[in-house]
Amino acid sequence: MKKIFISLVSLLVFTSCVLHIYNFSSINYRNDKISIDTNLLNSQKENSPLDYIWISDKRSHVGNNHRIKILSPTIKIISNSKEYIVNTNPNSEVISVYKQGVVITDDFKAYIGKVQLDDGTIIDIPPLSFKKTVYVERYSVISDTINAGGRGKEIFNGTVEDYKKQKK
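Bear in mind the structure is a predicted one, so any value in this text is a computation, not a measurement.

Chemist: Whenever I open this one, the pattern of salt bridges confuses me. Can you help?
Modeler: A pair can form between side chains of opposite charge whenever their charged atoms are brought close. A full pass over the atoms with the stated rule returns six salt bridges. The shortest N-O distance in the salt bridge between Asp118 and Arg59 comes to 2.8 Å. In this pair, Asp118 sits in the loop between strand S9 (113-117) and strand S10 (122-125) while Arg59 sits in the loop between strand S3 (50-57) and strand S4 (68-70), placing the two residues 59 residues apart along the sequence. Asp118 sits in the partly exposed class, given a relative accessible area of 42%. Exposure remark for Arg59: the relative accessible area of 34% places this residue in the partly exposed category. When the shortest N-O distance is used, the salt bridge between Lys131 and Asp107 registers 3.3 Å. Taken together, the positions of Lys131 in strand S11 (residues 128-140) and Asp107 in the loop between strand S7 (94-96) and strand S8 (108-111) put the pair 24 residues apart, joining distant regions of the chain.

The following block contains the structure:
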């Protein structure tokens, strides 16, 4: 009975979970009016392909949604020396990449062009370079129970390339 109790306590004390969240982040563009984000098909898998690119108006918040119109009917994506043309929907802020049969798993460059805010402002987005990034967080059964409502401990937040160098 004593061995079982010690084993159970050891399991609880030394068990932790490490969560990896992958994404693509633009490394060369910041704008105070729009935000450009991406989503992977499965954000917990490093080699998961790009699902979509989402352009949003930073003035938007709950109850006050501002729309963006993508002015170009297509965008160009270059990844691994291959060029892809992806159709856009002028009534959507989302550029669906994977649904159009384009599979991007590595760093890429996107040529989006001009977008229009709902107040008429036109923004010309320069060519964007995206790198795969990873956010790593550790959760522990004991410390998370003691610190109820607290988040896990951030271990790393940066490019996948830098994370792999750090792990060596």
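Chemist: Is there a simple way to explain the nonpolar core in this structure?
Modeler: In a soluble, globular protein the nonpolar side chains are often hidden away together inside. If you look at the biggest cluster of nonpolar residues, it comprises 32 residues, and the most contacted ones within it are Ile34, Ile53, Ile55, Ile112 and Ile125. Top element by residues in this core is S11. It accounts for four residues. Sequence-distant contacts of Ile112, that is, excluding residues within four places in its chain, are made with Ile53, Ile55, Ser72, Ile75, Ile95, Ile125 and Leu128.

Chemist: Looking at this model, I keep getting lost on the sheet that holds S10. Mind explaining?
Modeler: Within a sheet, adjacent strands bond to each other through the backbone by hydrogen bonds, running parallel or antiparallel. Taken together, three strands build an open sheet; the order of strands is S4-S9-S10 and the sheet is antiparallel. Two strands bound the open sheet, and with one partner strand each, they are S4 and S10. Adjacent strand axes in the sheet meet at a mean angle of 25° when their direction is disregarded. As paired elements, S4 and S9 share three bridges and run antiparallel to each other.

Chemist: Quick question: what am I supposed to make of the pairing of strand S6 (residues 82-87) here?
Modeler: Two faces make up the sheet, and in a regular strand the side chains alternate between them. Here strand S5 (residues 74-79) pairs with S6 via six bridges, running antiparallel. Counterpart to Ile77 in the pairing with S6 is Tyr84.

Chemist: Looking at this structure, how should I read the pairing of S9?
Modeler: Direction of pairing for S9 relative to S10: antiparallel, over a ladder of four bridges. For Gly113, the partnering residue across the bridge sits in S10 and is Ile125. A loop of four residues connects S9 with S10, the two strands running antiparallel in sequence, and Gly120 in this loop sits at a positive phi of about 95°.

Chemist: Just to check I follow, could you spell out the environment of Pro127 for this structure?
Modeler: By the element assignment, Pro127 lies in the loop between S10 and S11. Residue Pro127 is classed as partly exposed on the basis of its relative accessible area of 36%. Sequence spacing of Pro127 and Tyr29 is 98 residues, and the spatial spacing of their C-alpha atoms is 8.8 Å. The residues contacting Pro127, other than those within four sequence positions of it, are Asn28, Lys109, Ala110 and Tyr111.

Parameters at a glance
- Residues numbered from 1 in each chain as written.
- Predicted model: local features only at pLDDT ≥ 70, side-chain atom pairs only at ≥ 80, totals over all residues.
- Heavy atoms only, no water.
- Salt bridge = Lys/Arg side-chain N within 4 Å of Asp/Glu carboxyl O.
- Helix = DSSP H or I, 4+ residues; strand = E, 2+ residues; numbered from the N terminus.
- Buried < 20%, exposed > 50% of the residue type's maximum accessible area, 1.4 Å probe, protein only.
- Core = buried A, V, L, I, M, F, W, Y, C linked by side-chain atoms within 4.5 Å.
- Contact = heavy atoms within 4.5 Å.
- Pairing = 2+ DSSP bridges.
- Axes fitted to C-alpha atoms, helices over the stretch in contact; angles between N-to-C directions.

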